[in-house]
Amino acid sequence: LLRTALDLDVWNEEEHGLVRVAVRNEKGEPAPKVHVKVVGSDGGAIQGADTDLRGIAAFEGIAGRATLIAQSGAQVAFWRAPQQAARPRSENKGQM
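Cut-offs applied
- Residues numbered from 1 in each chain as written.
- Predicted model: local features only at pLDDT ≥ 70, side-chain atom pairs only at ≥ 80, totals over all residues.
- Heavy atoms only, no water.
- Salt bridge = Lys/Arg side-chain N within 4 Å of Asp/Glu carboxyl O.
- Buried < 20%, exposed > 50% of the residue type's maximum accessible area, 1.4 Å probe, protein only.
- Pairing = 2+ DSSP bridges.
- Helix = DSSP H or I, 4+ residues; strand = E, 2+ residues; numbered from the N terminus.
- Axes fitted to C-alpha atoms, helices over the stretch in contact; angles between N-to-C directions.

Participant: Go over the pattern of salt bridges, please, and point to the residues and values.
Facilitator: The tally for this structure, following the rule as stated, stands at one salt bridge. The partner of D52 in a salt bridge is R54, with the nearest N and O atoms 2.6 Å apart. With relative accessibility at 25%, the residue D52 sits in the partly exposed group. On the accessibility criterion, R54 (54% relative accessible area) is exposed.

Participant: Break down the pairing of strand β1 (residues 7-13) for me, citing the residues and quoting the values.
Facilitator: Two strands pair when backbone bridges link them, and β1 and strand β2 (residues 18-24) are joined in this way by seven bridges, in the antiparallel orientation. Residue L8 lies in a different strand from β2, and its bridge partner there is V23.

Participant: Quick rundown of the sheet that holds strand β3 (residues 35-40)? Include the residues and the values.
Facilitator: Taken together, the four strands give an open sheet; going across it, the order is β4-β3-β6-β7, and neighbouring strands pair in antiparallel fashion. The outermost strands of the open sheet, each flanked by one partner alone, are β4 (43-50) and β7 (75-80). Within this sheet the neighbouring strands show an average axis-to-axis angle of 15°, counted without direction. Across six bridges, strand β6 (residues 66-72) lies against β7 in antiparallel orientation. Looking at β7, one finds that Q71 is bridged to V76.

Participant: Describe unusual backbone geometry, with residues and values.
Facilitator: Of note, the phi angle at K33 is positive, near 60°, even though the residue is not glycine. Of note, K33 is situated in the loop between β2 and β3.

Participant: Explain the sheet that holds β2 residue by residue, including any values.
Facilitator: The three strands are arranged β1-β2-β5 in an open sheet whose pairing can be described as antiparallel. Two strands close off the open sheet at either side, each with one partner strand: β1 and β5 (56-59). Neighbour-to-neighbour, the strand axes of this sheet turn through a mean angle of 15°, independent of strand direction.

What follows is the structure, given as structure tokens:
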């Protein structure tokens, strides 16, 4: 169970590898200087950045399903992109 006063509003464009997060505190105000890390399910480096004065951090080059962790002092918030529906396998015609 994870409890936190941080609220994450995440925009994830998986097909373009873009993730943008707006972090707000318990009062609903933008939370600057929150450290955010993100990684994609298809590998690649873990990327990290601090939110700006608007409480926003943006990342590019995220391959696959994004996982994001935000930390401010003892407060930690976690977000994972919803899993995409399984893609049907193409039929192998002529094979048994």
